[in-house]
Amino acid sequence: MAYNSLEICAGAGGQALGLEMAGFDHQALVEFERDYCDCLKRNRPQWNVKCMDVRKFDGRPYGGQIDLLSGGVPCPPFSIAGKQLGADDERDLFPQMLRLVEEINPKVVMIENVRGFLGKLFDHYRSSIIARLNHLGYNVHLRLLNASDYGVPQLRPRAIIIGVRTDIYDIFTFPQPMPHLTQDVGHALYDLMAANGWHGAEQWRQMANNIAPTLVGGSKKHGGPDLGPTRAREAWAAMGIDGRGVGNEAPSADFEGMPRLTPRMMARLQGFPDDWQFGDRKTTACRMIGNAFPPPVAHKVGLKIKQVLDYASIDSRSTEEVPRRAVG
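Residues numbered from 1 in each chain as written. Predicted model: local features only at pLDDT ≥ 70, side-chain atom pairs only at ≥ 80, totals over all residues. Heavy atoms only, no water.

Trainee: If you had to explain helix 3 (residues 94-104) to someone new, which residues and values would you point to?
Mentor: When we look at burial in helix 3, the residues that qualify are F94, Q96, M97, L98, L100, V101 and I104. Packing partners of the buried residues in helix 3 comprise strand 1 (3-8), strand 4 (68-71), strand 5 (108-114), helix 4 (123-135), strand 6 (138-146) and strand 7 (157-165). Of the residues flanking the end of helix 3, it is N105, one or two places downstream, whose phi is positive at about 55 degrees. (Buried < 20%, exposed > 50% of the residue type's maximum accessible area, 1.4 Å probe, protein only. Helix = DSSP H or I, 4+ residues; strand = E, 2+ residues; numbered from the N terminus. Contact = heavy atoms within 4.5 Å.)

In structure tokens:
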């Protein structure tokens with residue numbers, strides 16, 4: 001069956017694309033930054049992109065009409081790379097997500113954030129969010145998922161919150177890890193590295209026999225594109241990649257030394273299809289890619305959410321006159 005969704009903080013479309021692959025029809029995608037909005041419209045002209053501040057987005061017209069409300073609210077308030085101000089950070093949009101849950105009353109809620117959100121520093125804040133979802137009538141599931149367990153050749157741990165409305169049976173389970181299906185960086189990027197006939201491509205492939213560190217995107221205040229801090233660059237160097245910057249094209253035939261990833265290579269490591277376009281500005285493209293939620297992970301979680309909705313639909317038809325209880 002087909003189900004609909006509404007997403008906030010849509011970014012460059014990683015989560016939306018994965019949920020689309022899982023069978024969700026997006027009623028609206030709310031995104032504030034113009035570059036990201038343009039990216040969404042460029043790749044999916046049919047999507048209803050609302051390029052606006054989510055604080056000004058009114059969810060009431062969608063009340064009772066949405067199967068899934070999702071969003072990857074900004075991570076800087078909880079990232080170890082930032083100041084970890086949590087609720088005191090003006091970029092914290094958890095309150096807006098909770099407001100929209102109340103206004104829209106979706107059947108399922110999906111919220112994504114960085115691993116830091118699960119840290120002890122945010123125990124009280126995290127508990128308050130779960131308590132608020134419970135008060136609004138949702139059973140809550142929370143887990144850390146590693147992208148490398150779901151076909152994405154990089155670590156990228158992410159905290160995932162799932163809320164299932166208590167008037168439907170809660171059969172939600174997180175997708176089972178399948179790390180054996182994930183390629184290493186060398187195999188994932190070999191054809192792109194060899195695109196210009198680089199003679200060292202095969203040797204490089206054998207060297208890049210691990211999954212990648214977590215890609216970083218940074219913010220508008222971040223400098224030129226690179227592959228992260230010193231520790232991450234060392235991990236990239238161990239796979240024969242120069243992490244001090246991002247390249248414009250694949251290595252030439254006679255290239256010597258360590259190549260740099262191109263934005264297209266980064267996008268593939270993030271799980272985007274090769275035809276997903278991020279525009280011509282390298283710094284902006286790398287920021288969009290590095291800040292994205294990997295589509296394959298969203299796809300796997302989306303399929304599990306769809307099972308809940310399928311079961312609820314069948315149950316509602318078979319027990320129309322029987323009061324139902326929440327499970328979980």
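Trainee: Hey, could you go over the side chain of N43 for me, with residue numbers and the actual values?
Mentor: One can find N43 in helix 2 (residues 34-43). Among the residues examined, N43 registers a relative accessible area of 12% and is labelled buried. Setting aside its immediate chain neighbours within four residues, N43 contacts D275, W276 and Q277.

Trainee: If you had to explain helix 2 to someone new, which residues and values would you point to?
Mentor: Those residues of helix 2 lying buried are Y36, C37, C39, L40 and N43. Along the axis of helix 2, the buried positions cluster into a sector of 160 degrees, meaning they face one direction only. Packing partners of the buried residues in helix 2 comprise strand 2 (24-31), strand 3 (49-51) and helix 9 (282-290). (Arc of directions from axis to C-beta.)

Trainee: I'd like a rundown of the nonpolar core, residues and numbers included.
Mentor: Of all hydrophobic cores here, the largest spans 42 residues; its most connected members are V185, L189, W236, L261, L269 and F278. Mapped by element, the contributors of at least two residues to this core are helix 1 (14-21), helix 2, helix 5 (185-193), helix 6 (201-207), helix 7 (230-238), helix 8 (263-269) and helix 9. When residues in this core are grouped by element, the largest group, 5 residues, is from helix 5. Core analysis: the next-biggest nonpolar cluster, separate from the first, contains 28 residues, Y62, M97, L100 and V109 among them. (Core = buried A, V, L, I, M, F, W, Y, C linked by side-chain atoms within 4.5 Å.)

Trainee: Which residues make up the packing of aromatic side chains, and what are the values?
Mentor: Within the structure shown, the criterion is met by 10 aromatic pairs. Centroid distance Y169 to Y311: 6.2 Å. Interplanar angle 90 degrees. Geometry classified as edge-to-face. Of the two residues, Y169 is situated in the loop between strand 7 and helix 5 and Y311 in helix 10 (residues 295-318); the sequence distance between them amounts to 142 residues. Taking the relative accessible area as the measure of exposure, Y169 reaches 22% and is therefore partly exposed. (Phe/Tyr/Trp six-rings, centres within 6.5 Å; stacked < 30°, edge-to-face > 60°.)

Trainee: Kindly report on the pattern of salt bridges, identifying the contributing residues and their values.
Mentor: A complete count under the given rule lists 18 salt bridges for this structure. Residues E20 and R44 are paired through a salt bridge, measuring 3.0 Å at the closest nitrogen-oxygen approach. Remark: R44 occurs in the loop between helix 2 and strand 3 and E20 occurs in helix 1; sequence separation between them is 24 residues. E20 gets classed as partly exposed once you look at its relative accessible area, which sits at 24%. Note that R281 is salt-bridged to D35, the shortest N-O span being 2.5 Å. Of the two residues, R281 is situated in the loop between helix 8 and helix 9 and D35 in helix 2; the sequence distance between them amounts to 246 residues. Judged by relative accessible area, which is 22%, D35 ranks as partly exposed. Through salt bridges with shared partners, a single ionic network connects D191, R268 and D274. (Salt bridge = Lys/Arg side-chain N within 4 Å of Asp/Glu carboxyl O.)

Trainee: Summarise the sheet that holds strand 4; cite the residues concerned and give the values.
Mentor: Taking strand neighbours across the sheet as the criterion, the 7 strands line up as 3-2-1-4-5-7-6 in an open arrangement whose pairing is mixed. Only two strands of the sheet have a single partner each, and these edge strands are strand 3 and strand 6. Neighbour-to-neighbour, the strand axes of this sheet turn through a mean angle of 15 degrees, independent of strand direction. In this sheet, strand 4 lies alongside strand 1 in parallel orientation, the contact comprising 4 bridges. Across the sheet, I8 pairs through a bridge with G71, a residue of strand 4. (Pairing = 2+ DSSP bridges. Axes fitted to C-alpha atoms, helices over the stretch in contact; angles between N-to-C directions.)

Trainee: Provide a residue-level description of empty space enclosed by the protein, including the pertinent values.
Mentor: Considering all chains together, one arrives at 1 cavity of 30 Å³ or more under this definition. Roughly 40 Å³ of volume is contained in the largest cavity. For the largest cavity, the full set of lining residues is L145, N146, A147, R156, R158, I160, F293, P294 and V297. Those elements that provide at least two residues to the lining of the largest cavity are strand 6 and strand 7. Tallied by class, the residues present in the lining of the largest cavity amount to 6 nonpolar, 1 polar and 2 charged. (1 Å grid on protein atoms, 1.4 Å probe; cavity = no way out; pocket = protein on both sides within 12 Å on 5 of 7 lines; lining within 4 Å. Points joined across faces, edges and corners; volume = space filled by probe spheres on them. Nonpolar A, V, L, I, M, F, W, Y, C, P; charged D, E, K, R; others polar.)

Trainee: Help me get a handle on unusual backbone geometry, residues and values and all.
Mentor: With a phi angle near 50 degrees, C9 is a residue other than glycine that sits in the positive phi range. Structurally, C9 can be placed in the loop between strand 1 and helix 1. Relative accessible area serves as the criterion here: at 18%, C9 is assigned to the buried category. In this structure, R156 is a non-glycine residue whose phi angle is positive, near 40 degrees. Within the secondary structure, R156 sits in the loop between strand 6 and strand 7.

None of this, on its own, says anything about what the molecule does.
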